[in-house]
Amino acid sequence: MASAAPSVPPSLTLPPSQFARLQPHAYLLAHLSPPASSNQPSIRANGRATSQFRVTSANTGSLTHTNGSAVVRVGDTTAVCGVRAEILPTDDIASWSVSHSSSSMNKRRKLTNPAQKPTQEEEDPEDETHIQQLNLLVPNLSLSTGCAPGFIPGAPPSALAQSLSHQILNLLHSTRLVRAEDLRIWYQPPSLGQEDLERHNESEQMDVDAERGEEVGKDKEIKAFWVLYIDIMIISLAGNPFDAAWAAVLAALRDTKLPRAWWDVDNEMVVCSDAVSESRKLSLRGLPVASSFCVFEADAAAGWRAVIIPDAEEEREIEESARKGIQRRWILADPDGYEEGLTQERVCIVVDKEEGTGKTVIVKMEKNGGWAVDGKELKALVDISAQRWGEVKHILEQC
Amino acid sequence: MTDRRRINGPPSGTRPAVFASSLKSASSISTARPRRQRQPDELRKIFLKTGLIPSASGSAYLEFEPSASLAAARSSPQSLIPPSSALKLACTVHGPKPLPRSASFSPNIVLTTHVKYAPFAARQRKGHIRDASERDLGVHLETALRGVIVAERWPKSGLDITITILEAEDDRWWGDAPDSHDAPWGMMNVLAGCITAASAAIADARIDCLDLVAGGVAAIVSDETPDGEPSTPKLMLDTDPAEHKSILSACVVAYMPSRDEITELWLKGDHSKSSLGTTDQNLSHESLIDGAVNAARGAHTVLAEAVKESAERFAGLPTGGSTV
């Protein structure tokens with residue numbers, strides 16, 4: 001296979017762009033392993049070094065009808081994300097009264113230590129349960145925008161769109177990016193006798209234990225939740241949609257402003273204030289940044305053969321060739337559409353850095369489609385991702 | 001019915017936020033209605049750029065200039081309720097490409113148009129599945145474009161035109177009661193934008209056309225005088241529905257200037273003499289259509305510039321685009 005590269009120049013009578021279409025694998029291979037005589041550096045067909053990401057830009061807050069919005073361009077891949085907040089009254093949640101009374105234990109414990117309460121820095125055990133159980137974050141990614149020829153507009157979401165939506169949802173849940181406290185709309189009942197009476201009746205109906213009634217007067221209650229509809233439109237797709245989509249989600253959530261909302265007793269509904277000065281931004285936990293990689297193998301057959309773990313002999317062979325300085329596989333950062341079509345193995349690493357110490361934290365690591373990347377290489381990829389984290393942070397802070 | 005291929009929100013559904021200011025009496029907010037700062041025949045500026053989506057054979061992005069009230073609200077935000085909105089849409093063209101094997105023979109190019117609002121495009125959240133108004137827009141767009149493309153040059157081929165609306169025009173001012181304007185007037189502006197953007201994208205895809213078709217909107221509106229009395233109806237070009245108390249009728253055309261031909265005409269509303277209360281010749285059917293044509297002429301100048309830019313980029317490719 002390595003002989004494919006030197007044989008290229010004499011036979012090349014086509015312009016490079018056509019050769020790239022006819023023989024994509026050989027074309028990329030020839031770029032990555034140029035003949036030693038040509039003295040050219042190993043470089044990808046798109047002119048990037050193997051660990052180089054595409055130029056990224058971001059812009060936030062340009063869409064009028066959203067609470068927060070962002071446009072992120074990673075090379076030619078463009079993702080537009082809009083966050084819309086809507087209200088979910090607790091009266092509408094079928095299981096609310098049950099789950100609420102069971103979680104009142106936690107709340108009571110918190111109330112016993114009032115000094116801790118205003119800081120909200122403590123780990124709230126209810127956080128994920130509320131966001132996850134009540135589906136307060138609703139990300140949906142759409143590829144049927146004409147972003148690439150393969151996706152038919154109007155058809156139900158493709159497998160790729162579905163898996164990307166779920167990846168984003170899982171990442172939102174596992175990073176606990178959005179605080180549940182930001183999404184709660186509280187109501188502090190005034191301590192009136194009448195109110196107490198009403199509440200007492202309510203607790204009787206629900207058959208809750210008697211001790212709950214004692215504290216009821218000073219207990220704040222959740223009247224509604226904000227539900228964040230996070231819609232991502234991939235306007236242009238040229239490889240690596242996940243990084244762009246996640247960056248857009250992150251930028252849009254950073255931009256999101258929720259109006260001040262309160263329970264209006266007279267109207268029995270949640271009412272918001274439209275004053276910008278009273279609205280507040282979401283306080284996100286950290287800044288997880290996704291970096292994707294793919295592995296390009298010199299063996300053209302690697303694309304379609306079943307993934308087989310190499311036996312000892314093959315392993316030795318690979319090691320030997322590596323000693324001789326013949327590189328058989330390349331890990332390409334931020335693959336474009338052309339490279340994605342030629343590779344099987346994918347790695348996606350989401351990292352964050354702790355605020356005080358600057359230590360890199362791996363939030364998510366996903367690898368599939370092959371066996372080329374091992375522990376040593378993953379470690380190097382985490383370092384690259386950490387570097388990328390700095391770049392993305394800089395871009396997001398500027399917009 | 002839940003959609004199992006998408007992530008659904010809470011099963012009980014959610015409610016859009018209700019702002020306290022909109023609950024107050026109507027008199028206190030009517031002062032806040034955005035006012036048209038432009039002359040009756042002055043159009044909004046249009047931003048139109050081609051070739052933003054490299055994987056498509058042709059693409060265009062169109063944006064209307066925000067109205068004065070929206071621009072003011074953006075620069076110094078006071079209220080979370082936007083006074084009006086400005087159209088933003090992206091259009092892609094895929095093709096000409098072979099029809100699927102199962103399709104029957106067609107001597108002409110088969111045009112498919114698809115218009116979809118993003119869920120966050122309008123004041124009310126839109127669903128993921130196309131609704132009637134979106135399908136309607138798609139049909140209108142198809143008629144507008146079918147008269148322009150030289151269809152017999154590509155037998156047995158298909159052409160897909162997809163438009164994603166990132167931000168739509170308002171149908172009425174948010175402070176008005178939902179039924180005070182009967183028709184979705186914003187749709188007409190959206191259609192005019194779709195026609196202009198699709199025309200640019202088709203030219204960007206190097207598909208032979210008779211001419212560049214441009215969309216334009218004109219409307220007969222009756223505004224409120226400062227005393228709250230309805231004023232005499234007036235003809236205005238490129239109306240922003242949020243800026244007017246009531247739109248009596250509106251017209252959108254797809255117009256080819258060099259052939260002086262209209263490929264699509266959509267007229268809506270009632271402007272009979274009895275409803276206008278005047279026999280002014282300037283408010284007739286013809287003048288309304290002429291107004292829309294004039295608006296289209298204005299859009300055509302922008303369109304021609306954008307297509308020229310696209311052609312220059314295309315011509316520049318062989319010399320400057322060598323990547324190896």
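Conventions we followed
Residues numbered from 1 in each chain as written. Chains lettered and ligands numbered in written order. Predicted model: local features only at pLDDT ≥ 70, side-chain atom pairs only at ≥ 80, totals over all residues. UniProt positions renumbered as here; feature names shortened; annotations may be inferred. Pairing = 2+ DSSP bridges. Helix = DSSP H or I, 4+ residues; strand = E, 2+ residues; numbered from the N terminus. Axes fitted to C-alpha atoms, helices over the stretch in contact; angles between N-to-C directions. Contact = placed C-beta atoms within 7 Å. pLDDT = per-residue confidence, 0-100. Buried ≥ 20, exposed ≤ 12 C-beta atoms within 10 Å, placed from the backbone. Nonpolar A, V, L, I, M, F, W, Y, C, P; charged D, E, K, R; others polar. Core = buried A, V, L, I, M, F, W, Y, C linked by C-beta atoms within 7 Å. Domains from an automatic or database assignment. Parallel < 35°, antiparallel > 145°, perpendicular 65-115°, else oblique. Left-handed = near helix turned anticlockwise from the far one by under 90°.

Per an unreviewed UniProt entry, chain B goes by Exoribonuclease family protein and derives from Aspergillus ibericus CBS 121593. Quoted straight from UniProt, the Sequence similarities (unreviewed entry) entry for chain B says "Belongs to the RNase PH family."

Looking at an unreviewed UniProt entry, one finds chain A named Ribosomal RNA-processing protein 43, with Aspergillus ibericus CBS 121593 as its source organism. Check the Sequence similarities (unreviewed entry) section of the UniProt entry for chain A; it says "Belongs to the RNase PH family."

Right, let's get into the sheet that holds strand E13 (residues 345-353) of chain A. Residues and elements named next belong to chain A. With antiparallel pairing, the four strands of this open sheet are ordered in space as E12-E11-E13-E14. For this open sheet the edge positions go to strand E12 (329-333) and strand E14 (360-368), each flanked by a neighbour on one side alone. Strand-to-strand, the axes of this sheet are offset by a mean angle of 20°, without reference to chain direction. Strand direction decides the pairing type here: strand E11 (residues 289-297) and E12, joined by five bridges, are antiparallel. Counted as the bridge partner of Cys294 is Leu332 from E12. Helix H10 (residues 241-255) contacts E11 and E13 of the sheet and is inclined by roughly 175° relative to E11.

Turning our attention to the confidence of the model for chain A. Residue and element names in this part refer to chain A. Mean pLDDT over chain A stands at 82; residues scoring 70 or higher make up 79%. Taken element by element, chain A is modelled with least confidence in helix H9 (residues 211-215), mean pLDDT 45, and with most confidence in H10, mean pLDDT 96. Residue range residues 1-5 is modelled with pLDDT below 50. Its contacts to residues more than four positions away, or to other chains, number 12 contacts. Confidence drops under a pLDDT of 50 for residues 203-217, and excluding neighbours within four residues, the segment shows 13 contacts in the predicted structure.

Here the focus is unusual backbone geometry. At the junction of Gly95 of chain B and Pro96 of chain B, the peptide bond is cis and its omega measures out at 0° in the coordinates. Within the fold, Pro96 of chain B resides in strand E4 (residues 88-98). Even without being a glycine, Asn135 of chain A presents a positive backbone phi close to 55°. Under the C-beta neighbour-count criterion, Asn135 of chain A is labelled partly exposed, with 17 such atoms within 10 Å. Even without glycine at this site, Asp238 of chain B takes up a positive phi of about 50°. As for its placement among the helices and strands, Asp238 of chain B is situated in the loop between strand E8 (234-237) and strand E9 (246-256).

Right, let's get into the interface of chain A and chain B. Quoted interface sizes are often the accessible area lost when the parts come together. On the chain B side, the residues contacting the 52 residues of chain A number 48 residues. Considered class by class, the residues forming the side of chain A that touches chain B number 30 nonpolar, 16 polar and six charged. Summarising the sheet, strand E3 (residues 77-89) of chain A and strand E1 (residues 15-16) of chain B pair through two bridges and their orientation is antiparallel. Note on E1 of chain B: the bridge partner recorded for Glu86 of chain A is Pro16 of chain B.

Membership of the largest hydrophobic core comes to 179 residues, with the highest contact counts inside it found for Ala245 and Ala248 of chain A. If sequence neighbours within four positions are ignored, Ala248 of chain A has contacts with Ala70, Val72, Ala79, Val80, Cys81 and Ile232 of chain A.

A word on the domain arrangement of chain A. Residue and element names in this part refer to chain A. One can read the domain layout of chain A as domain 1 (25-54 + 286-398) and domain 2 (55-93 + 128-188 + 220-285). The C-alpha centroid of domain 2 is placed 30 Å from the C-alpha centroid of domain 1. At the interface, 21 residues of domain 1 touch 23 residues of domain 2. For the side of domain 1 that touches domain 2, the per-class residue count stands at 11 nonpolar, four polar and six charged.

This part takes up the packing of helix H4 (residues 132-146) of chain B against helix H5 (residues 186-204) of chain B. Residues and elements named next belong to chain B. Their axes nearest at 10 Å, the elements H4 and H5 cross at an angle of 45°. The orientation of H4 with respect to H5, classified from their angle, is oblique. For the pair H4 and H5, the sense of crossing is right-handed. Residues Ser133, Leu137, His140, Leu141, Ala144 and Leu145 of H4 pack against Met187, Val190, Leu191, Cys194, Ile195 and Ala198 of H5. For the contact of H4 with H5, a count of residues per class yields 10 nonpolar, two polar and no charged.

Another point: the packing of helix H6 (residues 159-175) of chain A against H10 of chain A. Two quantities define a packed helix pair, namely the angle between the axes and the distance from one axis to the other. Residues and elements named next belong to chain A. In contact at an axis separation of 11 Å, H6 and H10 are set at 45° when each is read in the N-to-C sense. The orientation of H6 with respect to H10, classified from their angle, is oblique. The hand of the H6/H10 crossing is right-handed. Contacts from Leu164, Gln167, Ile168 and Leu171 in H6 reach Pro241, Phe242, Ala245, Trp246 and Val249 in H10. Residues of the contact of H6 with H10, tallied by class, amount to eight nonpolar, one polar and no charged.

Residue and element names in this part refer to chain B. Summarising the element assignment, Gly127 is placed in the loop between strand E5 (110-117) and H4. The class of Gly127 is exposed, set by 10 C-beta atoms lying within 10 Å. With 11 residues separating them along the chain, Gly127 and Lys116 place their C-alpha atoms 9.8 Å apart.

This part covers the sheet that holds E8 of chain B. Residue and element names in this part refer to chain B. Read across the open sheet, the four strands follow the order E8-E7-E9-E10; overall the sheet is antiparallel. The sheet terminates laterally at E8 and strand E10 (261-269), the two strands that pair on one side only. In this sheet, neighbouring strand axes are inclined to one another by 20° on average, regardless of whether the strands run parallel or antiparallel. In the sheet, strand E7 (residues 214-222) pairs with E8 via four bridges, with the strands oriented antiparallel. Considered in E8, the bridge of Ala219 is made with Met236. On the sheet, H4 packs against E9 and E10 and is oriented at approximately 150° with respect to E10. Against the sheet, H5 touches E7, E9 and E10, its axis set at about 165° to E7.

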